[in-house]
Structures are given as C-alpha cells and as structure tokens.
Amino acid sequence: NSSTRVLFVSAMRSSVIRFQSPLLRRFLSSSSTSLKRTALYDLHVEKGGKMVPFCGWEMPVQYTDGVLNSHLHTRELAGLFDVSHMGQLRIHGKDRVKFLEQLVVGDIEKLDVGMGTLSVFTNEQGGVIDDTIINKHKDHLYVVINAGCADKDIAHLNERLQKFQSENPSSNVKIEILTDRSLIALQGPKAAEVLSKSGLEGLNTLPFMHGKPVKIKGVDCLITRCGYTGEDGFEISVPSDQVENIARELLGHNEVKLVGLGARDSLRLEAGLCLYGHELNDSISPVEAGLLWTIGKRRREQGGFLGSEVILRQIKEGVSRKRVGLIVSGTVARDHTPILDPHDTSKNIGEVTSGTYSPSLKKAIAIGYVPTNKSKLGSSVLVSVRDKTNEAIVTKMPFVPSRYFK
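No experiment lies behind these values; they were computed from the predicted model shown.

A. Spotlight on the overall build of the protein. Within the protein, the regular secondary structure consists of ten helices and 20 strands. At 21 Å, the protein has a C-alpha radius of gyration in line with the 22 Å of a compact globule built from 406 residues. Reported as C-alpha extents along the three principal axes, the dimensions of the protein are approximately 60 × 50 × 45 Å. Of the contacts made within the protein by residues no fewer than 6 positions apart, 67% connect residues no fewer than 24 positions apart.

Spelled out as structure tokens, the structure:
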C-alpha cells in the first residue's frame, strides 16, 4: 500500500546514503579519479543507474524505478546484477587442494567435480579474512572473493603460497587472477526460465551450488547455480568483451530488470546472509557468525587450516557471542546501533551489524551480535536508535524463506 511504500522509500533513501557514509568508509575510494569501472558501466548509465563509489569501483546503487521496485521484482521475477567488481581466481596445479585447504575451513577435497561451496579464509586467531565461493573443476579451482577484500586476499594467497612452496619444494600450485572476465548474477524465480529462453539447456539437472562451462549465444561462459538473494539464481562468469552482449540478451526478456547495490543489500538481509565488514571481519570467527556448517566433518576432526586450534576449541567449548536475526519495532536499526539489556538499559550487550526495512515482511529487520545467553529464539532485547529504545525480538534466519533449487 502507499503508506508502506512511503515508509520503505524513506528507509531506503537513508540506505543509499549509507553506502557513502563513514560506516562503509573503508570500502570506498577517497578520490573519484581512482575509481574503476566494470565493462557494464555504459549500460548502467544508459539504463538510469545512480552510480556511487563502492569498494574502489563506480557501481549502480539503484535505477530509475527505485530500490523498492527492484527488490520486489527480483522476488517475483528476475533481477540482473553486475558483480564484476568481485575478484575471480583460478588455482591450478596438482597440489591446489592441499594448498587451499590450509587457508579455508571447507572440505574442498570432498567436493565432486562441478560442485561448489561457501567457505571462509581464516587468520591465525580464528577470525575471518574473507568469505568466498569455491568451485571444483576438473583441472582447477575457481574462487570468487569480495571486492573490498580482493587486494588483501590476493596478498594473503601469494604470501601463503610462498610459504607452502618453501615447505613443499616439489609442489605445483599456480594462482591465476582473471582480469579479463566479468561476473553477472541473474536471480529470482524466473531466472532459469529466462536462461532457457536464451538457449541454455539442462538447467533442471543443475543443482544448487553446482557449476559448469556453458555457451550462451555462442559465448563461452561459466555458470554456477548460487547467489546472494535467497532466490534460485545463477552467477555467470563472462569474457569482459562479451558481457554487455550477454547482459542485453538477458534484459531482452520482459521478466528481467537491472538491479543495484541497494536492493542487493536488502535482498541479502532478508535472506539472513553475511556481508563482509559487517557480520564478518578479522576478529569474528565462523563459529560466532553461525557458519559452523561451512566446516566439514573431516576439517573438524583434522584441523589443518589457519586458526583451527581456536575454532575447534570454540566448537567444543562454545562461544560467548552469536550472530542473530532481529525483528525490530519502530525505526530501522542500522549498522553499529547498540543492543541493550532489556532489564538494564544502561548495559550495552551487543551491536547491530546490518539493518533495513524488509519489503517482503513490511517490518524492520536487522542482524547483530549478542551474548550467547541472549541468543535464544524469541528472546527480547532493546535497540537504541536516535536516543530512543525499541524492542527487538531474536528471530530465526532467513527472515524470508529461501527458494534455492535443490
């Protein structure tokens, strides 16, 4: 209804501003002259994209139809996202799995060819350096990393590779940075149907978190059934000199609209997914973040990754804080909003890491960290927004049921 739309537009207007606020300063370039552009920059401008600095890139935060419409369109039909700012790597060599398993918590050895997994790079203290998607192919590993972490991730990989090679002189590992490829994501319940209309066959047999090389309109692409919205969808790696043609082909279907960073954030929040720099950082462990499921059984038994002693001890003994979902009464509680003890409002017990107005639920939602003894579903806490305290209820995530293709 109109009142809901006005409330959401007001909430999302401040969300757009937030992308240029001090809360995300470390993701942003200080000078517009240093910003990089994806191969789809001209298309974004042509389609009315509002371009903002993000992680050192000029990226569209929204289009002329606004964040609300983009969000709902993705939930109902299909949204096309430019995620080319993210880093794409291939790791080659006979020892590639052994090398990467020293750096991530996932059981990469167990993956069948074509399978992928969400994992995290950890540091020696058990904190998260970055989250990543890793796909196993016949002769290499395909790795996607966050744009805001790309430089430090690559430096970390190179540093650890030198150490690995010095300790294993006969080893064979090579890291290839894919600078000539772009990445787009087609997300929503109509995503598979649209790709089928564009000539891509066999998607009904491609499960969630599986990928394969394909041709779209004669262009060699790599498609993975995954995404960041909670919907069925695909991430498609495309040669940069062909990505505009592929994007225009997909946009030629009435079901598809371009979607920017604003709706991408509200969609992932509804899906209860982590954003690096908010729910994850160098001092938050995957156990605290609720990502225990990313640590395979063999890895829990054998360890062998950076910070494994800390993380395995946390699995055994528990942690003092946990990531939780919150349904918030009243005003949206944004990043760094204090979470207060409901029995003693002078006691700060945690912090909101992300928050927005949910178009699907028509409620304010948030993610944050609270003490483990306050993390039980249904528990009541308070959030302090503009010197006013509002109730927040610890809620199961995802806030909106996921519709991944299984």
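B. How the structure looks around the sheet that holds strand β20 (residues 388-395). Strand order in the closed barrel formed by six strands is β15-β18-β17-β16-β19-β20, and the pairing between neighbours is antiparallel. Averaged over all adjacent pairs, the angle separating strand axes in this sheet is 45°, with direction ignored. Relative to strand β19 (residues 380-385), strand β16 (residues 338-341) runs antiparallel, the two sharing two bridges. Looking at the pairing, L340 lines up with L382 of β19. Sitting on the sheet, helix α8 (residues 261-270) touches β17 (344-358) and β18 (363-371), and the angle it makes with β17 is about 120°.

C. Highlighting the nonpolar core. In this structure, L80, I184, L195, I223, F234 and I236 are the most contacted members of the largest nonpolar core, which totals 29 residues. Breaking this core down by element, the ones donating at least two residues are β4 (78-82), β10 (181-187), α6 (191-197), β11 (211-216), β12 (219-224), β13 (233-239), α7 (243-251) and β14 (256-258). The leading source of residues in this core is α7, at five residues. Not counting residues up to four positions away in its chain, the partners in contact with L80 are I184, A185, L186, A247, L250, L251, V256, K257, L258 and V259. By size, the runner-up hydrophobic cluster in this structure holds 23 residues, among which are V97, V104, I129 and L141.

D. Structural context of the sheet that holds β10. Pairing in this open sheet of six strands is mixed, and the strands run β11-β12-β13-β10-β4-β14 from one edge to the other. Both outer strands of the open sheet, β11 and β14, are each paired with one neighbouring strand and no more. When strand polarity is set aside, the average angle formed by the axes of neighbouring strands in this sheet is 30°. Where β12 and β13 come together, three bridges link them in antiparallel fashion. Paired with T224 across the strands is E235, a residue of β13.

E. A look at the packing of aromatic side chains. Enumeration according to the criterion identifies two aromatic pairs in this entry. Seen in terms of ring centroids, F208 and Y404 are 4.3 Å apart; in terms of plane orientation they differ by 20°. Their pairing is stacked. With F208 in the loop between α6 and β11 and Y404 in the segment after β20, the pair connects residues that are 196 residues apart, well separated along the chain. Judged by its relative accessible area of 22%, F208 is partly exposed. Taking the relative accessible area as the measure of exposure, Y404 reaches 22% and is therefore partly exposed. The ring of Y41 has R37 lying over it, and the distance from NZ or CZ to the ring centre is 3.9 Å. For R321, the ring lying beneath its charged end belongs to Y369, and the centroid distance is 5.5 Å.

Quick notes on the rules
- Residues numbered from 1 in each chain as written.
- Predicted model: local features only at pLDDT ≥ 70, side-chain atom pairs only at ≥ 80, totals over all residues.
- Heavy atoms only, no water.
- Helix = DSSP H or I, 4+ residues; strand = E, 2+ residues; numbered from the N terminus.
- Rg over C-alpha atoms; globule rule 2.2 N^0.38 Å.
- Contact = heavy atoms within 4.5 Å.
- Pairing = 2+ DSSP bridges.
- Axes fitted to C-alpha atoms, helices over the stretch in contact; angles between N-to-C directions.
- Core = buried A, V, L, I, M, F, W, Y, C linked by side-chain atoms within 4.5 Å.
- Buried < 20%, exposed > 50% of the residue type's maximum accessible area, 1.4 Å probe, protein only.
- Phe/Tyr/Trp six-rings, centres within 6.5 Å; stacked < 30°, edge-to-face > 60°.
- Lys NZ or Arg CZ within 6 Å of the ring centre and 35° of its normal.

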